[in-house]
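Here is how the chains run, residue by residue.
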Amino acid sequence: MSSPTSGPDDDAFWRRPGPDAAPLGRPAQDQPATPESPSYPGPPHTDPPTASWRPPTIATPPPPRHMPAQDMDAIDEAEGSARTVTYGVGLVAGAVALILICLLCGRALL
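These figures come from a predicted structure and were not determined experimentally.

With that settled, the discussion passes to the overall build of the chain. Helix and strand counts for the chain stand at one helix and zero strands. A burial count over the chain gives 0% of its 110 residues as buried. Carbon and sulfur atoms make up 64% of the accessible area of the chain, which totals about 11900 Å².

Attention shifts here to a nonpolar patch on the surface. Taken together, the side chains of V92, V96, I99, L100 and L103 define a hydrophobic patch exposed on the protein surface, amounting to about 480 Å² of accessible area. Note that V92 resides in helix 1 (residues 72-109).

On to the state of the cysteines. Throughout the structure, instances matching the rule amount to zero disulfides. Its sulfur unpaired, C105 is 6.9 Å from the next cysteine sulfur, which belongs to C102. We classify C105 as partly exposed; its relative accessible area is 43%.

Each value, and the rule that gives it
Residues numbered from 1 in each chain as written. Predicted model: local features only at pLDDT ≥ 70, side-chain atom pairs only at ≥ 80, totals over all residues. Heavy atoms only, no water. Helix = DSSP H or I, 4+ residues; strand = E, 2+ residues; numbered from the N terminus. Buried < 20%, exposed > 50% of the residue type's maximum accessible area, 1.4 Å probe, protein only. Areas by Shrake-Rupley, 256 points an atom, 1.4 Å probe, with all protein chains shown as cover. Patch = residues over 30% accessible without salt bridge, like charges linked within 9 Å, V, L, I, M, F, W, Y side chains within 5 Å. Salt bridge = Lys/Arg side-chain N within 4 Å of Asp/Glu carboxyl O. Disulfide = S-S within 2.5 Å.

Structure (structure tokens):
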């Protein structure tokens, strides 16, 4: 790799010029001539649609039926029995897990 200077002061080329240095003159820039842009005539005109362009419509459907009334007491009773079953299954699973842990710990100690 070659540098523009060689000698004891190789970094002089890369140093910032001093405050008393003459300013660098910039070359005169020619202003490019702006070409005349073509005018946009707008989107093309379309023909209006024919009178039968829409799909055929179907008669309006009947209104939805009414839902049957809910028996809140029966819903509460079903939720209570479901909660009881869930707690029962959880207790049985916990008891089985406790028994298995006790058996495994007992075998490890023996």
